[in-house]
Amino acid sequence: MLNEELDMTLECAVKIRKHLVRLLDGRSDEALESKLQYVNSLIMEADSMQYEVMAVA
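Heads up: these notes are all about the structure in this document. All figures in this text were calculated on a predicted structure; none of them were measured in a lab. (Residues numbered from 1 in each chain as written. Predicted model: local features only at pLDDT ≥ 70, side-chain atom pairs only at ≥ 80, totals over all residues. Heavy atoms only, no water.)

Throughout the structure, instances matching the rule amount to one salt bridge. Among the salt bridges present, the one from Lys15 reaches Glu11, with a minimum N-O distance of 3.5 Å. Of this pair, Lys15 and Glu11 both sit in helix H1 (residues 2–24), four residues apart, which is roughly one turn of that helix. On the basis of relative accessible area, Lys15 is assigned to the exposed category, the value being 54%. (Salt bridge = Lys/Arg side-chain N within 4 Å of Asp/Glu carboxyl O. Helix = DSSP H or I, 4+ residues; strand = E, 2+ residues; numbered from the N terminus. Buried < 20%, exposed > 50% of the residue type's maximum accessible area, 1.4 Å probe, protein only.)

Quick look at the structure:
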């Protein structure tokens, strides 16, 4: 169950990341860049948690 939730979180975060990258294309926007950094950290955290879950299983 937790692994499925992590998969969904990663999938959503990657979609949001792609959207933010498109919005930032050719622009300089500190607020969007900050959100992109936050989303990147969420992706890394969820990815790390997914590896931990797979290691325990």
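A rise of 1.5 Å per residue sets the reference length of helix H2 (residues 30–56), with its 27 residues, at 39 Å; its end C-alpha atoms lie 39 Å apart and thus fit the reference within 8%. Inspection of H2 places Leu32, Leu36, Val39, Ile43, Ala46 and Gln50 among the buried residues, and these make up the whole buried set. The backbone nitrogen of Ala31 lies 3.0 Å from a side-chain oxygen of the residue at the head of H2, namely Asp29. (Expected span 1.5 Å × (residues − 1). Polar contact = N/O pair within 3.5 Å; in protein donor to acceptor, adjacent residues only side chain to side chain.)

The contact between H1 and H2 brings their axes to 9 Å, and the two run at 155 degrees. Comparing the axis directions of H1 and H2 gives the class roughly antiparallel. Handedness of the H1/H2 crossing: left-handed. Residues of the contact of H1 with H2, tallied by class, amount to 17 nonpolar, four polar and five charged. (Axes fitted to C-alpha atoms, helices over the stretch in contact; angles between N-to-C directions. Parallel < 35°, antiparallel > 145°, perpendicular 65-115°, else oblique. Left-handed = near helix turned anticlockwise from the far one by under 90°. Nonpolar A, V, L, I, M, F, W, Y, C, P; charged D, E, K, R; others polar.)

The terminal C-alpha atoms of H1 lie 32 Å apart, and with 23 residues this matches the ideal 33 Å at 1.5 Å per residue to within 8%. Within H1, the full set of buried residues consists of Leu6, Leu10, Ala13, Leu20 and Leu24. Each element contacted by the buried residues of H1 is listed here: H2. Once H1 finishes, Gly26 follows within two positions and takes phi at roughly 80 degrees, a positive value. (Contact = heavy atoms within 4.5 Å.)

Glancing now at the environment of Gln37. Topologically, Gln37 is positioned in helix H2. On the accessibility criterion, Gln37 (57% relative accessible area) is exposed.

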